[in-house]
Amino acid sequence: MQDKQYLMIPGPTPVPPTVTAAISMPIIGHRTENFAQMHEQIVKKVQKVFQTKNDVFVITNTGTGALETAIANTVSPGDKVLSLITGNFGERFANIAKAYNGEVIEVNFGYGNDVDLNVVKEKLAEHPDVKVVLATQNETSTGVCNDIEGIGALVAKTPAVLLVDGVSGVGGIEIKVDEWGVDMLCTASQKAFMLPPGLAMVSVSDKAWEVSKKNKSPRFYFSLPAFKKVYDKWNTAYTPSVSLFYGLDASLDMMLAEGMDNVYKRHAILARATRAAVKALGLKLLAEDRCASNVLTAVWGPENIGADDLRKIIKKNYGVTFAGGQGPIKGKAFRIAHMGFCDKMDVIIAVSALEMGLAQAGYPVEMGVGVKAAQEVFLGR
Ligand SMILES: *Cc1c(COP(=O)(O)O)cnc(C)c1O
């Protein structure tokens, strides 16, 4: 059936009906009291999710726009940037810093690994003149979650600012911006926030504001001082995506009504069930349990069966979409997202489709083994 689709990719993710309804409300002018009130409420709710008192800007952009906002306002030409890379998105963050003529020191921990704090410590000691540190909370290309708290504690002891790509993690995996010393946290609407693509969110600490004021990089659409000029009036520098603001207000209400602790627990159990199912089917996970992401699971395709061929079979026959591998693991791995508007039965559907797809691709699999493993996790057995 054409309209019955199960979208299980790490963005865009399914949008709840409540949010869709909010998005379809009549447009209002953005220089109005009504918009200002909604904007203020949204920022206060995002601050709760971020666990911060810092300024939070909701910008009409995608996640990459949030990352560019962070770089454009903190990296001056020639500045030393320490880039902690655990996959494709870490590489992208480093590339943005290079585009702004930062002198980027890339530390690549390899696909499937997380950031090693000892290495971070060494690199910061070796380069005391590092101005900016880039880290990824949840590396979407590999399904690895990094220790932002640990990285934050190390960077806080230096004059450098810590910029965190939390595009796929925030809203599904806890992050404590103030307590952990995250100077700028970047995220976007279309992943754990359960919205269509088009909005980004960025928080700015006092330390980051100081750096931003002295920054020499050219910036216009991404200029934090331009955002700040109208922030106190709950205005936006340019025309915001009014409809998505309505949607964000609704999705934040949903998240806060569930309770953020419950949201994080839900994602954790979905991840555990997915990993248990994959292991039960005899497939290999990219990330070790220790650093495995709670919002998506990356899986190596079975030997002699292309991961993309398997994905095609599953999409065509069952309407379930998994994401492919990126970069060096393209065609070799696939990724099952369980982020945002996702619950236990979505995982059961995903695993059940995976079993049938594997069988059709010629992989020896006993039906129900993966589903059972997931069910056992849900039953707490
Ligand atoms: C999706 C994603 C991005 C890119 O966001 P866009 O909205 O596509 O610009 C950046 N970083 C991470 C970790 C992501 O998952």
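Our structure's up above, just so we're on the same page.
Computed from a prediction, not measured in an experiment: that's the story for all the values here.

Novice: Tell me about the nonpolar core, and name the residues and values.
Specialist: With 85 residues, the main nonpolar core has Phe50, Ile71, Leu84, Val133, Leu163, Phe193 and Leu248 as its most contacted residues. Lining this core are residues from two domains, each supplying at least three of them: domain 1 (6–12 + 259–378) and domain 2 (18–257). Residues within four places of phenylalanine 193 in sequence aside, it is in contact with Val49, Phe50, Val170, Gly171, Thr187, Ala188, Met201, Leu248, Ser251, Leu252 and Met255.

Novice: Outline the pattern of salt bridges, listing residues and values.
Specialist: Here the structure, examined in full by the defined rule, presents 16 salt bridges. Notably, a salt bridge pairs glutamate 40 with lysine 44, separated by 2.7 Å at the nearest N-O pair. Separated by 4 residues within a single helix, glutamate 40 and lysine 44 lie in helix H2 (residues 33–50), roughly one turn from each other. For glutamate 40, a relative accessible area of 22% gives the class partly exposed. The partly exposed category is assigned to lysine 44, whose relative accessible area is 40%.

Novice: Any chance you could break down the sheet that holds strand E1 (residues 6–8) for me, citing the residues and the numbers?
Specialist: One open sheet holds the 4 strands; their spatial order is E1-E12-E13-E11, and the pairing between them is mixed. Each end of this open sheet is capped by a strand with a single partner; those strands are E1 and strand E11 (296–300). Within this sheet the neighbouring strands show an average axis-to-axis angle of 30°, counted without direction. Contacts between helix H13 (residues 344–360) and the sheet are confined to E1, strand E12 (320–324) and strand E13 (333–337), with E12 contributing the most and set at about 80° to the helix.

Novice: Describe the site of the ligand, listing the residues and the values that go with them.
Specialist: Near the ligand, the surroundings consist of Thr62, Gly63, Thr64, Phe89, Arg92, Asn138, Thr140, Asp165, Val167, Ser168, Gln190 and Lys191. Glycine 63 places a polar main-chain atom, nitrogen or oxygen, 2.8 Å from an oxygen atom of the ligand. Between an oxygen atom of the ligand and a side-chain N or O atom of threonine 140, the distance comes to 2.4 Å. Across the complex, the protein chains shield 88% of the 380 Å² of accessible surface that the ligand would expose by itself. Elements with a minimum of two residues in the shell around the ligand: helix H3 (63–74) and helix H4 (88–99). Residues that form the shell around the ligand fall into these classes: 2 nonpolar, 7 polar and 3 charged.

Cut-offs applied
- Residues numbered from 1 in each chain as written.
- Predicted model: local features only at pLDDT ≥ 70, side-chain atom pairs only at ≥ 80, totals over all residues.
- Heavy atoms only, no water.
- Core = buried A, V, L, I, M, F, W, Y, C linked by side-chain atoms within 4.5 Å.
- Buried < 20%, exposed > 50% of the residue type's maximum accessible area, 1.4 Å probe, protein only.
- Domains from an automatic or database assignment.
- Contact = heavy atoms within 4.5 Å.
- Salt bridge = Lys/Arg side-chain N within 4 Å of Asp/Glu carboxyl O.
- Helix = DSSP H or I, 4+ residues; strand = E, 2+ residues; numbered from the N terminus.
- Pairing = 2+ DSSP bridges.
- Axes fitted to C-alpha atoms, helices over the stretch in contact; angles between N-to-C directions.
- Near = heavy atom within 4 Å.
- Polar contact = N/O pair within 3.5 Å; in protein donor to acceptor, adjacent residues only side chain to side chain.
- Areas by Shrake-Rupley, 256 points an atom, 1.4 Å probe, with all protein chains shown as cover.
- Nonpolar A, V, L, I, M, F, W, Y, C, P; charged D, E, K, R; others polar.

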